[in-house]
Amino acid sequence: MATGHTDPRRRERILAATLDHIAEEGVAGVSHRKIAARAAVPLGSMTYHFGGMDELLREAFTRFADRVVAVFEEHLGRADSPEQAREAVTDLVHALSEGPRRDLVLTQELYTLAARRPEYQELTQAWMGRSRQLLERHFDPDTARQLDALIEGLTLHRALNNGAPHSRALTRRAVTRITTA
């Protein structure tokens, strides 16, 4: 293992280890010692790279949110018409709900942290704002807000209903109801 400044990926490994740890044990289980061990870095690297636990959590969750917004962009960026946009939103719900369970857990951990600690609400509000901007390329702001909530809710419901998640047709009907006057 490289040490000190000769290890340019150390910071990235710490952030990845933080998200992995949160996905497995929750935010409450995060400590510098646990993250350093998981990232295979010296404990001193934690304070060298991050000013404290809040800085580490904010940066890790920001990177996670960036990844989810990229999924929104991937789906919505291809749409050239309202019909294609509706289909993209339907695809997005299914991609997110059928994606890695880790992402679902990380999303819920971030929401819980923001609900308990107002300083993390900035992060969730920025994430929602970016998602809505992508939706607003195709829908008016009120519809985009409703769709954003629908995407979150349907994703959660589909992912947690392992026995019989709702169908693509049901998702499509919900998206159509919200997006047509």
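Structural notes, computed from the coordinates. These numbers were taken from a predicted model, which means no experiment stands behind them. (Residues numbered from 1 in each chain as written. Predicted model: local features only at pLDDT ≥ 70, side-chain atom pairs only at ≥ 80, totals over all residues. Heavy atoms only, no water.)

## As for the overall build of the chain
Alright, step 1. The number of helices and strands found in the chain is nine helices and zero strands.
Alright, step 2. Along the chain direction, N to C, the helices and strands of the chain fall in the order α-α-α-α-α-α-α-α-α.
Alright, step 3. If you line up the chain on its principal axes, its C-alpha atoms span 60 × 35 × 30 Å.
Alright, step 4. Of all 181 residues assigned to the chain, the portion counted as buried reaches 41%.
Alright, step 5. Here the analysis covers contacts within the chain between residues at least 6 apart in sequence; of these, 67% occur between residues at least 24 apart.
Alright, step 6. Accessible surface, the chain: about 9,600 Å² in total, of which carbon and sulfur atoms supply 53%.
Alright, step 7. Across the chain, the mean location of the 25 positive side-chain charges is 4 Å away from that of the 25 negative side-chain charges. (Helix = DSSP H or I, 4+ residues; strand = E, 2+ residues; numbered from the N terminus. Buried < 20%, exposed > 50% of the residue type's maximum accessible area, 1.4 Å probe, protein only. Contact = heavy atoms within 4.5 Å. Areas by Shrake-Rupley, 256 points an atom, 1.4 Å probe, with all protein chains shown as cover. Lys, Arg positive; Asp, Glu negative; His and termini not counted. Charge placed at Lys NZ, Arg CZ, Asp CG, Glu CD.)

## So, helix α9 (residues 168-179)
Alright, step 1. With 12 residues, α9 ought to run about 16 Å at 1.5 Å a step, and its terminal C-alpha atoms sit 16 Å apart, in line with that.
Alright, step 2. Every buried residue of α9 is listed here: Thr171, Arg172, Ala174, Val175 and Thr179. On an axial view of α9, the arc spanned by its buried residues comes to 160°, and they lie on one face.
Alright, step 3. Those residues of α9 that are buried lie in contact with α5 (82-97) and α8 (141-160). (Expected span 1.5 Å × (residues − 1). Arc of directions from axis to C-beta.)

## Quick notes on the nonpolar core
Alright, step 1. Within the largest apolar cluster, 46 residues are counted, with the highest numbers of intra-cluster contacts made by Ile14, Phe61, Phe72, Val89 and Leu135.
Alright, step 2. At the level of elements, α1 (10-25), α2 (32-39), α4 (53-76), α5, α6 (101-116), α7 (121-135), α8 and α9 are the ones that each hand at least two residues to this core.
Alright, step 3. For this core, the leading source of residues is α4, giving 10 residues. (Core = buried A, V, L, I, M, F, W, Y, C linked by side-chain atoms within 4.5 Å.)

## Let's talk about unusual backbone geometry
Alright, step 1. Of note in the backbone geometry, Ala40 takes a positive phi value of approximately 60° without being a glycine.
Alright, step 2. Locating Ala40 in the fold gives a position in the loop between α2 and α3 (44-49).

## Let's talk about the packing of α1 against α2
Alright, step 1. For the pair α1 and α2, the least separation of the axes is 8 Å and the interaxial angle reads 115°. Relative to α2, α1 is oriented roughly perpendicular. Between α1 and α2 lies a crossing whose hand is right-handed. Listed contacts from α2 to Arg13, Ile14, Ala17, Thr18, Asp20, His21, Glu24 and Glu25 of α1 are Lys34, Ile35, Arg38 and Ala39.
Alright, step 2. A per-class count over the contact of α1 with α2 returns four nonpolar, two polar and six charged. (Axes fitted to C-alpha atoms, helices over the stretch in contact; angles between N-to-C directions. Parallel < 35°, antiparallel > 145°, perpendicular 65-115°, else oblique. Left-handed = near helix turned anticlockwise from the far one by under 90°. Nonpolar A, V, L, I, M, F, W, Y, C, P; charged D, E, K, R; others polar.)

## Quick notes on the side chain of Thr124
Alright, step 1. Following the sequence through the fold, Thr124 ends up in helix α7.
Alright, step 2. Assessed through its relative accessible area of 7%, Thr124 is described here as buried.

## Some words on the packing of α5 against α8
Alright, step 1. It is the contact of α5 with α8, at a shortest axis distance of 8 Å, that shows an interaxial angle of 40°. Judged on the interaxial angle alone, α8 and α5 are oblique. In the packing of α5 onto α8, the handedness of the crossing is right-handed. Listed contacts from α8 to Val89, Leu92, Val93, His94, Leu96 and Ser97 of α5 are Leu147, Ile151, Leu154, Thr155, Arg158 and Ala159.
Alright, step 2. Residue composition of the contact of α5 with α8, by class: eight nonpolar, three polar and one charged.

## Here's the deal with the packing of aromatic side chains
Alright, step 1. For the coordinates displayed, the defined rule picks out two aromatic pairs.
Alright, step 2. Ring plane angle 85° and centroid distance 5.8 Å describe the contact between Phe64 and Trp127, whose orientation is recorded as edge-to-face. Of this pair, Phe64 sits in helix α4 while Trp127 sits in helix α7, and the two are 63 residues apart along the sequence.
Alright, step 3. Residue class for Phe64 comes out buried when judged on its relative accessible area of 0%. (Phe/Tyr/Trp six-rings, centres within 6.5 Å; stacked < 30°, edge-to-face > 60°.)

Such coordinate-based values are descriptive only and should not be taken to indicate function.
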